[in-house]
Amino acid sequence: MSEIGNVRSFEAGRLWRIDGWQEDALLSVGAHGRLQASTGTAAESIGHWVLPGMPNLHSHAFQRAMAGLAERKGRIDDSFWSWRETMYAFAAAIGPDELKAIAAQLYVEMLKAGYTQVCEFQYLHHQPDGMPHAQPEAMSLALIEAAREAGIALTLLPVLYISGGFDGRALTARQRRFGHDVAGYLRLLETLRKLESVDLRVGIALHSLRAVPEQAMREVLASDPAKACPIHIHIAEQIGEVQDCLATRGARPVEWLFDHADVDARWCLVHATHLTAAETARIARSGAVAGLCPATEANLGDGLFPLADYLDAGGTLGIGSDSHISVSPVEELRWLEYGQRLSTRHRNIAARREGDSVGETLWRAALHGGARASGLSIGELREGARADLVVLDETSPLLAARDARSLLDSFLFAGNTPLVRDVMVGGRWQVRNFRHHDEERIAARYGEVVARLAGG
Ligand code: ZN
C-alpha cells in the first residue's frame, strides 16, 4: 500500500469496469473512503480479479435466525402463508438486542459473500405487544449499530404497515408491532434521516398494497422525503395477493400501482413475480428496479419472474436475499438463470444477444439495479464512488486458466467453494483472506441469542 496524506493506492491485475475488464488498473482511495484520480504512485497489489461489491436490495435481517426452521411438512397446503405464521411466531421474541446480534451475524455473512451494501426492509418496529419502545426507533437503531459493527453500508427502509388486508381490516395481534399511522411513520422517517452519512441512507418502504391503504400511500408519497429517496414495496409475490387486489381494487397490483402513483427510478418493486406482458413492459419503461430474490422465491414457492421479456424491454433489476434462506449473490443469480432454464427448457436466458456472457450480463445488471434501489451511486469502481470492492481467490482451481472472457461465468456458475477472498467497504478492508475481522465475537453472541430464542 502506498499512502500519501490520507490517500491510499492499490493495483488490480484485472478490474471490472462498467464496460468490461481493465488490465493493470490503479485505484486510489481518498477522503470518506471514495475513489479518486489515481496518484500514479507505487501501489499495493490487491489481487488478480477485482469486482465492485454487490448491493443486496432486500433484507429482513431477523429472518436469518429462522432460516431452515420451516422446512418440515405441515398442513397439506404448505405455502407462503403457512411459512408466514412460523415467521410471525419467531419474530414475537425479538427485541433490539436480539435484532442487533442476528443482524450483525447476517451482515458478516453478507460481506463474506461479496455484498457491500444492504437495503433493510424494516417492519419490526414496536414491542411484541404492539406498544412502542421507550425510544420509538430502537429497532431501527439496532440495525444501524449492527451494520456499523460488521462494516457493511446500509440503506434503511422503515416500513409503513397499516392494515391486515386489502379490505382494510385491522392488524392481528401478531402484526400490531409492525404498525404506524401516517403521522407516526413520517416522524420515524424524519428521526432516522437525521442520521444519514456516507454509509447510511434512509428511504421509504410501503409494506405492500394489502398493508397500505390508498390514502395513506398518497400522503407518504406527497411528503418531502419521498421526492428524492428510494421507495420500496413488496408487490405481486403471490397469486392470492393478485386475486385479492383484483377483487377489492378492480386491478392487478402492478397495474393498480402504476395507475395511482408516479412510479419511476426511485422505486424498487420487490418480487414482481406475477406480471402480465403489459405490466412487465410498464415496469421496464418506468426505470423502477425489479427487486428479485430468487433463492427466497424458490424456497417459498412464489413463482418465476418473466426475465427474458423484462430484459428485452430494457428493464432494470437487482437482487436481494430477503428471508436469508441463502446469503450469496452467486446463488441468487444462479437461481435466477436456472429457474428460467428449467421452465423454458433452453439455456443462456439472461444473455439476450449472441456471444453475450450470462455471468457478465447478470452481474452487471444486479450492480446497476442494486445501486439504484440503494439510492446511491455505488456498483461501479470509478472516481467519486465509494470504494466498495471484492477480490476473488485467483488461486482457486475453479478459476484456473480462466480469462477475462470466462471469469464471471465461472465465478457464478462453477462449483460451490466460496471465491470471495477480500472485501472492502468505503476504503476499509472488512474481510481479508476469507476472514471477517470480528467474526468470532459476532458469531458467539449470535449463537447465545438464537439458543435463547429456541429455548422459548
Ligand atoms: Zn420481503
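Just so you know, these numbers come straight off a predicted model, no measurement behind them.

## Details of the overall build of the protein
1) Next: Within the protein one finds 14 helices and 18 strands.
2) Next: For the protein, the C-alpha radius of gyration of 21 Å lies close to 23 Å, the compact-globule estimate for 456 residues.
3) Next: Seen along its three principal axes, the alpha-carbon backbone of the protein occupies a region of about 65 × 50 × 45 Å.
4) Next: Considering the protein as a whole, with its 456 residues, one finds that 59% of them fall into the buried category.

## Digging into the pairing of strand β5 (residues 44–52)
1) Next: For β5, the tally of buried residues reaches seven of nine residues, placing the bulk of the element in the interior.
2) Next: With five bridges joining them, strand β2 (residues 7–17) and β5 adopt parallel strand pairing. Bridged to Arg14 within β5 is Trp49.

## Here we look at the domain arrangement of the protein
1) Next: If you check the domain split of the protein, you get domain 1 (2–52 + 380–439) and domain 2 (54–374).
2) Next: Distance from the C-alpha centre of domain 1 to the C-alpha centre of domain 2: 28 Å.
3) Next: Taken together, both faces of the contact between domain 1 and domain 2 bury some 2400 Å²; the carbon and sulfur share is 59%.
4) Next: The interface formed by domain 1 and domain 2 holds one salt bridge in total.
5) Next: As a salt-bridge pair, Lys112 and Glu439 come within 2.7 Å of each other at their nearest N and O atoms.

## Points about the nonpolar core
1) Next: Judged by nonpolar contacts, the single largest core of 132 residues is most densely connected at Tyr107, Leu257, Trp267, Leu269, Trp363 and Phe411.
2) Next: When residues in this core are grouped by element, the largest group, ten residues, is from helix α2 (residues 96–113).
3) Next: Mapped onto the domain boundaries, this core takes at least three residues apiece from domain 1 (2–52 + 380–439) and domain 2 (54–374).
4) Next: Each residue touching Trp363, except ones within four places of it in the same chain, is listed here: Trp16, Leu51, Pro52, Met54, Pro329, Leu333, Leu408, Phe411 and Leu412.
5) Next: Within the second largest apolar cluster, 15 residues are counted, among which are Ile46, Val391, Met424 and Trp429.

## Notes on the coordination of the zinc ion
1) Next: Donor atoms from the polypeptide that bind the zinc ion are His58 (NE2), His60 (NE2) and His234 (NE2), placed at 2.1 to 2.2 Å.
2) Next: All donors to the zinc ion come from one chain, and their sequence spacing reads H-x1-H-x173-H. Residue His60 is located in the loop between β6 (54–59) and α1 (80–91), and its partner His234 is located in strand β11 (residues 231–235); the two are separated by 174 residues in the primary sequence. Neither residue differs from the other here; His60 and His234 are each classed as buried.

## Here's the deal with the pattern of salt bridges
1) Next: Considering all chains together, one arrives at 25 salt bridges under this definition.
2) Next: Arg452 is paired through a salt bridge with Glu98; the nearest N and O atoms lie 3.0 Å apart. Of this pair, Arg452 sits in helix α14 (residues 439–454) while Glu98 sits in helix α2; the two residues are 354 residues apart in sequence, bridging distant segments of the chain.
3) Next: On the basis of relative accessible area, Glu98 is assigned to the buried category, the value being 15%.
4) Next: Notably, a salt bridge pairs Arg441 with Asp438, separated by 2.8 Å at the nearest N-O pair.
5) Next: One continuous salt-bridge network, built from bridges that share partners, spans Lys100, Glu145, Glu149, Asp438, Arg441 and Arg445.

## Quick word on the side chain of His180
1) Next: Within the secondary structure, His180 is located in the loop between β8 (153–160) and α4 (182–193).
2) Next: When its relative accessible area of 15% is taken as the criterion, His180 is described as buried.
3) Next: Ignoring anything within four residues of it in the chain, the contact list for His180 reads His125, His126, Val159, Leu160, Tyr161, Ile162, Tyr185 and Leu188.

## Let's talk about the packing of α2 against α14
1) Next: Axis separation between α2 and α14 bottoms out at 9 Å; the angle between their running directions is 135°. With respect to α14, the axis of α2 lies oblique. In this structure, α2 crosses over α14, and the sense of that crossing is left-handed. Here Glu98, Lys100, Ala101, Ile102, Ala104, Gln105, Val108 and Lys112 of α2 lie close against α14, whose contacting residues are Glu439, Ile442, Ala443, Arg445, Tyr446, Val449, Arg452 and Leu453.
2) Next: When its residues are assigned to classes, the contact of α2 with α14 shows nine nonpolar, one polar and six charged.

Conventions used here
- Residues numbered from 1 in each chain as written.
- Predicted model: local features only at pLDDT ≥ 70, side-chain atom pairs only at ≥ 80, totals over all residues.
- Heavy atoms only, no water.
- Helix = DSSP H or I, 4+ residues; strand = E, 2+ residues; numbered from the N terminus.
- Rg over C-alpha atoms; globule rule 2.2 N^0.38 Å.
- Buried < 20%, exposed > 50% of the residue type's maximum accessible area, 1.4 Å probe, protein only.
- Pairing = 2+ DSSP bridges.
- Domains from an automatic or database assignment.
- Buried area = accessible area lost by both parts, 1.4 Å probe.
- Salt bridge = Lys/Arg side-chain N within 4 Å of Asp/Glu carboxyl O.
- Core = buried A, V, L, I, M, F, W, Y, C linked by side-chain atoms within 4.5 Å.
- Contact = heavy atoms within 4.5 Å.
- Donors = N, O, S within 2.8 Å, 3.2 Å for Na, K, Ca; no water.
- Axes fitted to C-alpha atoms, helices over the stretch in contact; angles between N-to-C directions.
- Parallel < 35°, antiparallel > 145°, perpendicular 65-115°, else oblique.
- Left-handed = near helix turned anticlockwise from the far one by under 90°.
- Nonpolar A, V, L, I, M, F, W, Y, C, P; charged D, E, K, R; others polar.

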